[in-house]
There are 2 protein chains.
Amino acid sequence: MNASSKPERTRLSAEDWENAALDLIAEQGVGALAVEALARRLGVTKGSFYWHFRTREALLLAALERWEQYGEREVIAQIEAIADPRERLPELFRRVAHELRPHRVYAALLKALDHPLVVPVMARVSQRRTEFLATAFREAGLPPPEALNRARLTYAAYVGFLQLNFTLGLPRISHEDFDAYVEHMIATLIPA
Amino acid sequence: MNASSKPERTRLSAEDWENAALDLIAEQGVGALAVEALARRLGVTKGSFYWHFRTREALLLAALERWEQYGEREVIAQIEAIADPRERLPELFRRVAHELRPHRVYAALLKALDHPLVVPVMARVSQRRTEFLATAFREAGLPPPEALNRARLTYAAYVGFLQLNFTLGLPRISHEDFDAYVEHMIATLIPA
DNA sequence: GGCAAACCATACTCGTGCGTATGGTATCGG
DNA sequence: CCGATACCATACGCACGAGTATGGTTTGCC
């Protein structure tokens, strides 16, 4: 029992701080990312932090870039591995719908679009994902201009869902209702 | 020329502060709502503010409630005035798409979902609007369970669109492309 | 025209969180 | 085993924004 019970009494690296920052952001939002709070969380003090980073913003930036790098690698790879292009979109929907961890950070960053540092990161990520969706819709048979609009619509629906059901706690949808909702999305957004 | 050139040298009421607060929120977000800044904007000092409100949070709360009250009255009334239920949804889409002012506040509040005070307000507003959409979809011929899911999907798409194209400045979509997008939404989300 | 209430200005206090200064302890190559 | 470098603790300074204290000015009303 020495994996995550006590705060791991080794010394820290910059990456440790970045990962801890992402955890904190996922749990309490960007606004809660304070250096003294993070230090307490890691069982050290500010003195440690300011050895690794020049400023609080530097940590935030590093954490965001880290997230941008290692964020969606697996999902995209898994989907592109599916042979039949017409099977990719429904599979993507269902797979994404049953994740949780990755959405937390994304939802937290959506709530923090005040902050100038997160805007460009979110813009890049959202842009890439929308384009990924657009090609998937083209491969599913939609003519290019419609594929792009459908991708925009789909990704907007994803983003909005996070806000409404994650951040706001709109009438806590049940497990079965959620599955029905996902199937409804598939039926209306993906061409037969 | 004495309507809005100089800051209106009359004395202020609580409502004046609330409206000014909403303007500021729409422009710069909830985070920028500071009492000294607002006071400067109105050409007075803090001394005035703390006569009208007990605290900064009290102002925010009052402003939010004000917005919740007088927010969507007209739109809903206009739409319900349309005789043919099947014409209501496309008309709603087009009409909402060509507004601007109301979306600014809503988008600003979406960015401020960190703040505990805005969450319940946004939850109530979003809930009501979703239900309004659901009945509209039922009136358009969708069976009740599907109507609800379609309403959720539609409203999520709206929220997501605001985030992606308003807050983030994703590739500034052109006017014609935007109209095409709206028509695409109508075609895919509204039953024939 | 004068008094009471409403409204506003000025000058503070105070908490909070960032950043700095400086000295201490662990770790590792030679 | 010893010095250099990496890592951390403690104790500060400092800016900024909320809230308070207190007194001044305007406005409505008798």
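Since we're looking at a predicted model, the values are computed, not measured.

Asks: Where do I start with the interface of chain A and chain B in this structure?
Replies: Where interface size is quoted, it is often the accessible area lost as the parts come together. Listed as interface residues are 35 residues of chain A and, on the opposing side, 35 residues of chain B. Among the residues of chain A in contact with chain B, Leu153, Leu168 and His184 of chain A are the three that bury the most area, contributing 18% of the side total. Put simply, chain A and chain B have zero salt bridges between them. Here chain A and chain B share two residue pairs in polar contact (both at pLDDT 80 or more) between them. Sorting the residues of the side of chain A that touches chain B by element identifies helix H7 (101-111), helix H8 (118-139), helix H9 (144-167) and helix H10 (175-189) of chain A as the ones contributing at least two each. Residue composition of the side of chain A that touches chain B, by class: 21 nonpolar, nine polar and five charged.

Asks: Even after reading the chapter, I still don't get the relation of the copies chain A and chain B, so can you show me in this structure?
Replies: The second copy of the chain is related to the first by a rotation about an axis and a shift along the axis. Note on the copies: chain A fits chain B at an RMSD of 0.0 Å, the axial shift is 0.0 Å, and the rotation between them is 180°. Between the two chains, the operation in question is that of a two-fold axis. The fraction of interface residues of chain A whose copies in chain B are also interface residues reaches 100%, indicating that both copies meet through the same surface.

Asks: Can you help me understand the domain arrangement of chain A in this one?
Replies: Residue and element names in this part refer to chain A. Here chain A is partitioned into domain 1 (14-67) and domain 2 (73-189). Domain 1 and domain 2 are separated by 28 Å when their C-alpha centres are compared. Each partner contributes residues to the interface: domain 1 has 12 residues there, and domain 2 has 14 residues. Together domain 1 and domain 2 conceal approximately 1100 Å² of surface at their shared face, both sides included; 80% is due to carbon and sulfur atoms. Where domain 1 meets domain 2, there are one salt bridge. Salt-bridge contacts for Asp23 lead to Arg101; the nearest nitrogen and oxygen are separated by 3.3 Å. Seen at the junction of domain 1 and domain 2, the total is two residue pairs in polar contact (both at pLDDT 80 or more).

Asks: Is there a simple way to explain the packing of aromatic side chains in this structure?
Replies: Each aromatic ring pair is specified by the distance between its two centres and by the angle formed by the two planes. Overall, the coordinates contain 18 aromatic pairs over all chains when judged by the stated rule. Centroid distance Tyr106 of chain B to Tyr155 of chain B: 6.3 Å. Interplanar angle 80°. Geometry classified as edge-to-face. Taken together, the residues Tyr106 of chain B in helix H7 (residues 101-111) and Tyr155 of chain B in helix H9 (residues 144-167) connect sequence positions 49 residues apart. Accessibility classification places Tyr106 of chain B together with Tyr155 of chain B in one group, the buried group. Considering the side-chain rings of Phe161 of chain B and Tyr181 of chain B, the 5.5 Å spacing of their centres and the 15° angle between planes classify their relative orientation as stacked. Note that Phe161 of chain B is positioned in helix H9 and Tyr181 of chain B in helix H10 (residues 175-189), a separation of 20 residues in sequence. There is no split in this pair, since Phe161 of chain B and Tyr181 of chain B are both buried. Of the aromatic side chains, those joined through ring pairs into one cluster are Trp17, Phe49, Tyr50 and Phe53 of chain A.

Asks: Whenever I open this one, the protein's contact with DNA strand C confuses me. Can you help?
Replies: If you check the shell around DNA strand C, you find 17 residues, and the closest are Lys46 and Arg56 of chain A together with Thr45, Ser48 and Trp51 of chain B. Counting only atoms of DNA strand C within 4 Å of the protein, the fraction found in sugar and phosphate groups is 60%. Between DNA strand C and the protein, one listed contact pairs a sugar or linking oxygen with a side-chain N or O atom of Arg11 of chain B at 3.0 Å. Measuring from a phosphate oxygen of DNA strand C, one finds a side-chain N or O atom of Ser48 of chain B at 2.8 Å. Elements that contribute at least two residues to the surface near DNA strand C include exactly helix H2 (35-42) and helix H3 (46-52) of chain A together with helix H3 (46-52) of chain B. For the surface near DNA strand C, the element with the most residues is H3 of chain B, which contributes four residues. When the residues that make up the surface near DNA strand C are grouped by side-chain class, the tally is six nonpolar, six polar and five charged.

Asks: Which parts of the structure should I look at to understand the side chain of Thr188 of chain B?
Replies: Summarising the element assignment, Thr188 of chain B is placed in helix H10. Judged by its relative accessible area of 13%, Thr188 of chain B falls in the buried class. Not counting residues within four places of it along the chain, the set of residues in contact with Thr188 of chain B comprises Arg150, Leu153 and Thr188 of chain A together with Arg150 of chain B.

Asks: Help me understand the packing of H9 of chain B against H10 of chain B in this model?
Replies: Between two packed helices, the angle of one axis relative to the other and the distance separating the axes together describe the packing. Residues and elements named next belong to chain B. Where H9 meets H10, the closest approach of the two axes is 11 Å, and the angle between their N-to-C directions is 165°. Considering the angle they form, H9 stands roughly antiparallel to H10. Once H9 is placed against H10, the crossing between them reads as right-handed. On H10, the residues that touch Arg150, Leu153, Thr154 and Phe161 of H9 are Phe178, Tyr181, Thr188 and Leu189. A breakdown of the residues in the contact of H9 with H10 according to their chemical character gives five nonpolar, two polar and one charged.

Rules behind the numbers
- Residues numbered from 1 in each chain as written.
- Chains lettered and ligands numbered in written order.
- Predicted model: local features only at pLDDT ≥ 70, side-chain atom pairs only at ≥ 80, totals over all residues.
- Heavy atoms only, no water.
- Contact = heavy atoms within 4.5 Å.
- Buried area = accessible area lost by both parts, 1.4 Å probe.
- Salt bridge = Lys/Arg side-chain N within 4 Å of Asp/Glu carboxyl O.
- Polar contact = N/O pair within 3.5 Å; in protein donor to acceptor, adjacent residues only side chain to side chain.
- Helix = DSSP H or I, 4+ residues; strand = E, 2+ residues; numbered from the N terminus.
- Nonpolar A, V, L, I, M, F, W, Y, C, P; charged D, E, K, R; others polar.
- Least-squares fit on C-alpha atoms with pLDDT ≥ 70 in both.
- Domains from an automatic or database assignment.
- Phe/Tyr/Trp six-rings, centres within 6.5 Å; stacked < 30°, edge-to-face > 60°.
- Buried < 20%, exposed > 50% of the residue type's maximum accessible area, 1.4 Å probe, protein only.
- Near = heavy atom within 4 Å.
- Axes fitted to C-alpha atoms, helices over the stretch in contact; angles between N-to-C directions.
- Parallel < 35°, antiparallel > 145°, perpendicular 65-115°, else oblique.
- Left-handed = near helix turned anticlockwise from the far one by under 90°.

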